[in-house]
Amino acid sequence: MIKRIGRRTIEEKKIFPPPRPIKLYKGATRIVKIEKLDDYFKGVAYIGEQKYTVRGAIKGETETVEVIDVNRKSGVECKFLSSEKPSADRVTPICDRFYECGNCDLMHINIQSQLKLKKQNLSAVLGVTENKINDVVSVNELYYRNKVHLVFGEKDGKINLGFFDETTHAVTSIEKCYLHDKWLYKLIKRILTWARATRVEAYKPWNGKGQMRFVAARCLGENIMVTLVSRKGAKLKSLDKLYESLKLDFKSVSLFTSENDGKSAMVLAGKLRHVAGDTRLKGSLCGIDFGLSPDSFFQVNERAIERIYSDIFAHVKKGGAKNVVDCFSGIGITSAMFAKSGVSVTSIEIVPSAVSDAEKLAEANGVKDKIKFIRGDVNKVLPKLDKSHKYTFFVDPPRSGLGEEVCLSIIGFAPNEIIYLSCNPQTLADDLKFLTHHGYKLVSVTPYDMFPNTKHIETLVYLSHK
């Protein structure tokens, strides 16, 4: 008599043993076929029901990958090791930290293919056919970032600086980055020399020990603004020596400190303290002189944003707009540009320091009397504006987008045109769906490669009233 176990006999189980479950652990290697790229340009593959997400992958390749993280919800995170037959789009990344760092997403793909992928992705997210989207505008590929956030860590028993990997939560030590110019290498060298000489330790969130957490810096030309972020109560020594050291490499140095015990990813969460040098970082864009505070918002790619602003300005000038509402106006560069052409501008911004910077900028550029500055939430300010004027709206919202309430407020003015600059295709898609459902039509969609070699893209949209 054959004894049964479940639905199968003992003999059947000997002849056809069940497949052994694949043990997944960090460092394990697998061979996978990349079926597609997700919205963040990571490769997606499946072994059985298990999903594999691969950094550095290309659709269609059969690849050997290494597991870097196992997550029950999101699946198995991997990095690319090799390809059985490399795609024609694949190139060798110029950076030897590409697969460890995690901050560049597309450096393994040639630039023209990157632009095509970004256009395809934008088309899919917006639900707009590719032939209705202009080709991606590219102005530079490397050395474009004027801003950096660095994390203190330890390597070989020494304090070090690097980038934080959102997937592995590890700090990848760096000496240079191909998205930043030589100024970053000089900055890292000077700060590490100071940190090691004063024997400060990197902050360890798991036990609360150590002093140094982050460095936030921005460089415009030969001028640099640096903020050292420590845990609360940390006493930093020889900051005067660090300041003098930085002055050997930069024409102008602004040095600040800040304390941060928060657990979020926000770097400048605490109060800023000015240590030495200028209190504002000076720059110029599209003929507008400006100054930045450490927490001011300013685009990281100057050449790209100058191209975008020039295109917007030319469009507004050609259209003959008389009154422009500049929502989320930041430090006021666009408001000053509109005002210089003779347009009456209402500038709305919620961040107090940004409004202060904008007022100083307008005065320095001789257009303060042509701009009405309003500090407050766009959603609360718009209902109070005079609706007797015919406005053109320019909106450049944060990644969260406009939202239905702000869209409704704008629609209430029945503007002939809305100019929308977006850094997030997902929230842009939601807002466009709402606006087009309420009487507006897409005139043009132009993506700009503001962040080459990464997953991000900037999109400029013109909408007109039907």
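Whatever comes next refers back to the structure up there.
Model, not experiment: these values are computed from the prediction.

S.K.: Got a minute to help me understand the packing of helix H6 (residues 302–319) against helix H7 (residues 333–340) in this structure?
M.R.: The interhelical angle for the contact between H6 and H7, taken along N-to-C directions, is 35 degrees, at an axis separation of 10 Å. Our pair here, H6 against H7, has a crossing hand that is right-handed. On the side of H6, the interface is formed by Tyr309, Ser310, Ile312, Phe313 and Val316, while H7 contributes Ile333, Thr334, Met337 and Phe338. Residues belonging to the contact of H6 with H7 are distributed by class as follows: seven nonpolar, two polar and no charged.

S.K.: Before we go on, may I ask you to explain the packing of aromatic side chains in this structure?
M.R.: Here the distance between the centres and the angle between the planes together describe a pair of aromatic rings. According to the stated counting rule, one finds eight aromatic pairs in the structure shown. Aromatic pair Tyr391 and Phe413: ring centres 5.6 Å apart, planes at 80 degrees, arrangement edge-to-face. Residue Tyr391 is located in the loop between helix H9 (378–381) and strand E21 (392–395), and its partner Phe413 is located in the loop between helix H10 (403–411) and strand E22 (417–422); the two are separated by 22 residues in the primary sequence. Across this residue pair, the class does not change: Tyr391 and Phe413 are buried. Measuring from ring centre to ring centre gives 5.4 Å for Phe393 and Phe413, while their planes differ by 55 degrees; the resulting arrangement is tilted. With Phe393 in strand E21 and Phe413 in the loop between H10 and E22, the pair connects residues that are 20 residues apart, well separated along the chain. Residue Phe393 is classed as buried on the basis of its relative accessible area of 0%. We classify Phe413 as buried; its relative accessible area is 6%. An aromatic cluster of at least three residues, connected via ring pairs, comprises Phe80, Phe98 and Tyr99. The cationic tip of Arg90 hangs over the ring face of Phe80; the distance from NZ or CZ to the ring centre is 3.8 Å. Lys387 extends its terminal NZ or CZ atom over the ring of Phe413, reaching a point 4.5 Å from the ring centre.

Rules of the game
Residues numbered from 1 in each chain as written. Predicted model: local features only at pLDDT ≥ 70, side-chain atom pairs only at ≥ 80, totals over all residues. Heavy atoms only, no water. Axes fitted to C-alpha atoms, helices over the stretch in contact; angles between N-to-C directions. Helix = DSSP H or I, 4+ residues; strand = E, 2+ residues; numbered from the N terminus. Left-handed = near helix turned anticlockwise from the far one by under 90°. Contact = heavy atoms within 4.5 Å. Nonpolar A, V, L, I, M, F, W, Y, C, P; charged D, E, K, R; others polar. Phe/Tyr/Trp six-rings, centres within 6.5 Å; stacked < 30°, edge-to-face > 60°. Buried < 20%, exposed > 50% of the residue type's maximum accessible area, 1.4 Å probe, protein only. Lys NZ or Arg CZ within 6 Å of the ring centre and 35° of its normal.

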